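Summary of the model geometry
Now for the letters of each chain:
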Amino acid sequence: MKKFIYILIAVAIILSCCCACSSQASYDPSKSAISSVNLMGGGYVGYMGSTSFIGAKDTYMGIRKLNRDGYEAKKLLSASASYINVTPGWIYYCDALNNNRIMKARSNGSDIQTLNRDVSSCVNVVGDTIYYYAVVTQTVFSMDINGGNRKALFNSSLSLLYYTDGYLYYLDINNSSRLTRYCIETGETEVVSDVPMHSYCFYGENIYYLDKEKMHLHAINATLLDTNNVTTLYDDESIVNFIVVGDYFYLIMSSAKQITFLARLELDGSNYAILTMSYPYNLCTNGEELYYYSRAYDNAILVYNPKTGYTNTSDRTITIGE
């Protein structure tokens, strides 16, 4: 009997450990707390597990906390937020109401702190370190998560700064927006691709990007970085921008009449389909769903679920206002 009880206790301990591990499975302190795909849309969506934090340019909207199951948007902070990073118990973001300085707050909206004085963008929180771009001085800095130990790493006119595997990747505007990386350990800079890019993101084993000249969608292996082995996925010049969510690309397209619309494409470049003509812009994701601003809905943020689509437009809209 005692042996049976000990077995039950052991099983309970194992299960509790597994549950504890699974609750943190979506957070890895060795990786950036912002999704690479969200950088292209300004990073106004941050998430961890089933909880999303949505920032908006409208101050009445502020930063809102959403549960993925209920779509109840609880307002946490009055801020005009971008580049949201989510870590256990904390959110980090740039606030346009505070000169785009980097802010942090607890995930319940309390204990708001200002971490720097720079006009900032492309914030990447990696463990105890923050990497970011200071727009005015065109300098990439690192600092700790409390704002201390600020250090200038390098100068460049750049966009889409993203940390992964010990490197900071970015598009070097002074070099025709070619993909470049900076090694954190050695301080050396290396041009990764000779192709000028409009935008790029890491997703799975690939880097997906739009070339700057024709705005065609391509893929290269993120590990091999062999720019001589490029797969062209979609060669329509009407692409404005894109994002990857699940098994699909979502594309902002522009018609001959300059009407923007949302389309979907599978990751192998097949099965192109138009989804909505709602004048979308600034695509972001919570890992499962697509978020975008819509000029057709007074610049509200709309939510699209790839599995179910729109069930009801009104209850899939994050309303601007209190």
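Residue numbers run consecutively from 1 along every chain, following the written order of its sequence. Reporting of local features is limited, given that this is a predicted model, to residues whose pLDDT is at least 70; pairs of side-chain atoms are given and counted only at 80 or more, and all residues count toward the totals for whole chains, interfaces and linings. As a rule here, side-chain values come from all non-hydrogen atoms in the structure, and water together with hydrogens is ignored.

1. Considerations on the nonpolar core
Nonpolar side chains in soluble globular proteins tend to end up buried together. Judged by nonpolar contacts, the single largest core of 73 residues is most densely connected at Ile130, Leu168, Tyr200, Leu217, Phe242, Phe249 and Leu290. Any pair of residues with heavy atoms lying within 4.5 Å of one another is described as a contacting pair. When sequence neighbours within four positions are dropped, the list of residues in contact with leucine 168 reads Tyr131, Val140, Leu153, Phe154, Leu161, Tyr162, Tyr163, Thr180, Arg181, Tyr182 and Ile184. What is meant by a nonpolar core is a set of buried Ala, Val, Leu, Ile, Met, Phe, Trp, Tyr and Cys residues, joined one to another through side-chain atoms within 4.5 Å. For every residue, the accessible area (1.4 Å probe, protein chains only) is compared with the maximum for its type, and the residue is labelled buried under 20%, exposed over 50%, or partly exposed between those bounds. Listed in part, the 14 residues of the second largest apolar core include Leu76, Ala79, Ala81 and Ala105.

2. Comments concerning the packing of aromatic side chains
Stacked, tilted and edge-to-face pairs are distinguished by plane angle, under 30 degrees for stacked and over 60 for edge-to-face with tilted covering the rest, among Phe, Tyr and Trp rings (Trp via its six-membered ring) whose centres lie within 6.5 Å. In this structure the tally under the stated criterion is 15 aromatic pairs. Measuring from ring centre to ring centre gives 5.8 Å for tyrosine 162 and phenylalanine 202, while their planes differ by 35 degrees; the resulting arrangement is tilted. Note that tyrosine 162 is positioned in strand β13 (residues 158–164) and phenylalanine 202 in strand β16 (residues 189–203), a separation of 40 residues in sequence. For tyrosine 162, a relative accessible area of 11% corresponds to the buried category. For phenylalanine 202, a relative accessible area of 15% gives the class buried. With a centroid separation of 4.9 Å and an interplanar angle of 70 degrees, the aromatic rings of tyrosine 169 and phenylalanine 202 are classed as edge-to-face. In this pair, tyrosine 169 sits in strand β14 (residues 167–172) while phenylalanine 202 sits in strand β16, placing the two residues 33 residues apart along the sequence. Using a relative accessible area of 4% as the deciding quantity, one classes tyrosine 169 as buried. Strands here are runs of E lasting at least two residues and helices are runs of H or I lasting at least four, both read from the DSSP assignment and numbered beginning at the N terminus.

3. Regarding the environment of asparagine 299
Checked against the element boundaries, asparagine 299 lands in the loop between β25 (290–294) and β26 (300–304). By relative accessible area, which is 35% here, asparagine 299 ends up partly exposed. Taking the C-alpha atoms as reference, asparagine 299 lies 9.2 Å from tyrosine 281; in sequence the two are 18 residues apart.

4. Some remarks on the sheet that holds β16
Note on sheets: strands pair through backbone hydrogen bonds, and any given pair is parallel or antiparallel. Two strands are counted as paired when DSSP detects at least two bridges linking them. Spatial strand order, β13-β14-β15-β16-β17-β18-β19: 7 strands in an open sheet with antiparallel pairing. Taken across any chain shown, the strands that pair with only one partner, and hence form the sheet edges, are β13 and β19 (231–234). For this sheet, the mean angle separating the axes of adjacent strands, direction not counted, is 45 degrees. Sheet analysis places strand β18 (residues 217–221) next to β19, joined by 3 bridges and oriented antiparallel. Across the sheet, the residue bridging to leucine 217 is tyrosine 234, located in β19. Each axis is a line fitted through C-alpha atoms, taken for helices only over the stretch in contact, and angles between the N-to-C directions span 0 to 180 degrees.

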